[in-house]
Amino acid sequence: VRLAQAHYGHLGRLLWEFLWFPWLSQRRRLAMVRVENLDALLGAASSIYALEGLPAAKAFMDGAPASLQARPAYWMAMGGLDATGGELAAAEQAYQKALEAADQAGPGNGGDRLMALGALAETQMRQGKIEEATATAALLEKAAPRNPLVKQLRAQVAAAAGNLDEARTLLDGGLEATGGN
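Remember, predicted model here, so these are calculated numbers, not experimental data.

K.L.:
Summarise the pattern of salt bridges; cite the residues concerned and give the values.
P.N.:
Taken as a whole and assessed by the stated rule, the structure comprises seven salt bridges. The residue D103 makes a salt bridge to R113 at a minimum N-O spacing of 2.7 Å. Residue D103 is located in helix 7 (residues 88-105), and its partner R113 is located in helix 8 (residues 110-126); the two are separated by 10 residues in the primary sequence. Overlapping salt bridges, with partners in common, bring together K58, D82 and E87 in one network.

K.L.:
Let's hear about the confidence of the model for the protein chain: which residues, and what values?
P.N.:
Any residue range with low pLDDT should be treated as having predicted coordinates unsuitable for detailed reading. Here the protein chain shows a mean pLDDT of 85. Residues at 70 or above account for 86%. For the protein chain, per-element mean pLDDT is lowest for helix 2 (residues 26-32), which scores 62, and highest for helix 7, which scores 94.

K.L.:
Lay out the packing of aromatic side chains with the relevant residues and their values.
P.N.:
Within the structure shown, the criterion is met by one aromatic pair. Measuring from centroid to centroid gives 4.9 Å for Y74 and W75, while their planes differ by 90°, and the two rings are edge-to-face. One exposure class covers both Y74 and W75, and it is buried.

K.L.:
An account of the environment of A90 is requested, with residue identities and associated values reported.
P.N.:
Within the secondary structure, A90 is located in helix 7. Excluding anything up to four places from it in sequence, A90 contacts K58 and D82.

K.L.:
Give a detailed account of the nonpolar core, specifying residues and quantitative values.
P.N.:
If you look at the biggest cluster of nonpolar residues, it comprises 33 residues, and the most contacted ones within it are L41, M61, Y74 and Y95. When contributions to this core are tallied by element, the ones reaching two or more residues are helix 3 (38-52), helix 4 (54-62), helix 6 (72-84), helix 7, helix 8 and helix 10 (148-160). Top element by residues in this core is helix 6. It accounts for seven residues. With sequence-adjacent residues up to four places away left out, Y95 is seen in contact with W75, M76, G79, G80, A83, A116, A119, L120 and T123.

K.L.:
Tell me about the packing of helix 9 (residues 130-143) against helix 10, and please be specific about residues and values.
P.N.:
Closest axis-to-axis distance for the helix 9/helix 10 pair is 10 Å, and the angle between their directions is 160°. As judged from the angle between their axes, helix 9 and helix 10 are roughly antiparallel. Here helix 9 runs over helix 10; the crossing is left-handed. Seen from helix 9, the contacting residues are I130, A133, T134, A137, L140 and E141; seen from helix 10, they are V150, L153, R154, V157 and A160. Partitioning the contact of helix 9 with helix 10 into residue classes produces eight nonpolar, one polar and two charged.

Cut-offs and rules
Residues numbered from 1 in each chain as written. Predicted model: local features only at pLDDT ≥ 70, side-chain atom pairs only at ≥ 80, totals over all residues. Heavy atoms only, no water. Salt bridge = Lys/Arg side-chain N within 4 Å of Asp/Glu carboxyl O. Helix = DSSP H or I, 4+ residues; strand = E, 2+ residues; numbered from the N terminus. pLDDT = per-residue confidence, 0-100. Phe/Tyr/Trp six-rings, centres within 6.5 Å; stacked < 30°, edge-to-face > 60°. Buried < 20%, exposed > 50% of the residue type's maximum accessible area, 1.4 Å probe, protein only. Contact = heavy atoms within 4.5 Å. Core = buried A, V, L, I, M, F, W, Y, C linked by side-chain atoms within 4.5 Å. Axes fitted to C-alpha atoms, helices over the stretch in contact; angles between N-to-C directions. Parallel < 35°, antiparallel > 145°, perpendicular 65-115°, else oblique. Left-handed = near helix turned anticlockwise from the far one by under 90°. Nonpolar A, V, L, I, M, F, W, Y, C, P; charged D, E, K, R; others polar.

Below, the structure written as structure tokens:
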């Protein structure tokens, strides 16, 4: 009997919290929710972005535990949110932090480092920071010289800089690497 009472008491409290939660202030909801899983955090942030906009999604992400904020994927997601919301300067800063986190994590995070460099170069290019984008793309080429996606990004940066012959050469080299025509 006690077990059933405890079970129904817990169920009643859960139902009450479920019904009351939408009526709480955003600050109070964020204080109640603590997400420890990065994929769940990103899913929740995407939902919040769709329903309440970029500031609410960023506020939710800012409440993530420090263990998640130390991961490159967290900062890549923050950069993605910022870029989607049109805040390219904030996205650039987030991608810089992703790069720093990948470098701090050591040699096993080469993929994270490449992703951060690529996103950083593209964001810099979208802001018209062509010199910075060129330097970032050079770091990317040094890390993955034969990667056709790296050649494509370098070609985009070269085209943005007005170096169309270099861009064409890079694109032709990228097609050859993939067996395309």
